Amino acid sequence: MVTLQHNAAPAVEEQGAWAGLQVLLLGVLGATTGLSTAGWLAGLAYGLATWILLSYAMERSGARSLGPADRVTLARGVLVGAVTALVAQRSDATTVLVTFTAVALALDFVDGQVARRTGTASALGARFDMEVDAFLILVLSVHVAFAHGPWVLAIGAMRYVFVAAAWVLPWLSGELRPSYARKTVAALQGILLVVAASGLFPFAGYLAGLALALLMWSFGRDVVSLWHSRMMSKSVAVEGCSRV
């Protein structure tokens, strides 16, 4: 979980520094692994989009500065930008890609600890953390799909399809109870995909298939829960009307 808190320094200036760090990391990749035009464009587009969207979200929420956990999440975001660039150009620098991804996944546990220990968790921070996670899974699924087929893309796309479906079916936007199973499945997605991407496991396609099966179970479970909540709400409303 990431946090946002009110300090004196404007967040936009620090975010600009993080954007600069993104460009610097892309430059290092260009010098060591050789980024193509596609890689540069993807990495820069990701960095720019992160800067714009986070600035907009912070402005809407009234947050003026970044907290310590935000900086951890932004560090993860910079690594995700590098992974995005490598995947966009279909780079054969597998070791670099897996290393950056593994560090980004590890830091996902760090920002939550920082948020809780500093007592500065926020809804906006949690959303930012979730979006970074979701995009990393999407990028990883694209990379694995190159080797094992387009069906792997369903892993990265499922969360975005769920959000889009909620626009048509508002009941899908209902509140879900905290679930350890949901968190475990979400964490396993990154682990299984990065192992599959490493090429070290002889049956990587099975790992991706396991990740997809777990994700379908988790989303299906949540959809059923939301549907039951909707039916219960309707029943309560009908009962209330009948009493009137």
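This one's a predicted model, so the numbers in the text were calculated from it and none came from an experiment.

S.K.: Explanation requested: the nonpolar core in the structure shown.
M.R.: A general feature of soluble globular proteins is that nonpolar side chains tend to end up buried together. The biggest cluster of nonpolar side chains holds 54 residues, and the ones touching the most others in it are Val83, Phe100, Leu136, Val144, Val152, Ile155 and Leu193. Going through the elements one at a time, α1 (11-32), α2 (37-61), α3 (68-88), α4 (94-118), α5 (123-148), α6 (153-168), α7 (180-198) and α8 (204-243) are the ones with two or more residues in this core. Once residues lying within four places of it in the same chain are set aside, the contact partners of Leu136 are Val80, Val83, Thr101, Ala104 and Leu105.

S.K.: Which parts of the structure should I look at to understand the environment of Thr184?
M.R.: Its place among the elements puts Thr184 in helix α7. Since its relative accessible area comes to 29%, Thr184 is described here as partly exposed. Each C-alpha atom, one on Thr184 and one on Pro150, is 25 Å from the other, the two residues being 34 residues apart in sequence. A polar side-chain atom of Thr184 sits 2.8 Å from the main-chain carbonyl oxygen of Tyr180.

S.K.: Hey, could you run me through α4 in this one?
M.R.: The α-helix winds at 3.6 residues per turn, so residues separated by three or four positions along the chain end up facing the same way. Taking 1.5 Å per residue as the helical rise, α4 with its 25 residues ought to reach 36 Å, and the 36 Å between its terminal C-alpha atoms agrees with that figure. For α4, every residue scored as buried is listed here: Leu97, Val98, Phe100, Thr101, Ala104, Leu105, Asp111, Gly112 and Ala115. Count one or two residues on from α4 and you reach Gly119, which has phi positive near 65 degrees.

Calculation rules
- Along each chain, numbering runs from 1 in the same order as the chain's sequence is written.
- Where totals are concerned, whole chains, interfaces and linings use all residues; where local detail is concerned, this predicted model gives features only for residues with pLDDT of at least 70, and gives and counts side-chain atom pairs only at 80 or more.
- The basis for every side-chain value is the complete set of heavy atoms in the structure, and neither hydrogens nor water enter the calculation.
- Put simply, buried Ala, Val, Leu, Ile, Met, Phe, Trp, Tyr and Cys residues joined by side-chain atoms within 4.5 Å make one nonpolar core.
- Working definition: with a 1.4 Å probe on protein chains only, accessible area under 20% of the residue-type maximum means buried, over 50% means exposed, and in between means partly exposed.
- Working definition: helices are DSSP H or I runs of at least four residues, strands are E runs of at least two. Numbering for both runs from the N terminus.
- Residue contacts are defined here by distance: any two heavy atoms, one from each residue, within 4.5 Å place the two residues in contact.
- Polar contacts here mean pairs of N or O atoms no more than 3.5 Å apart (in protein, one a potential hydrogen donor and the other a potential acceptor; neighbouring residues in sequence count only if both atoms are side-chain atoms).
- Helices are assigned an expected span. That span is 1.5 Å times one less than the residue count.

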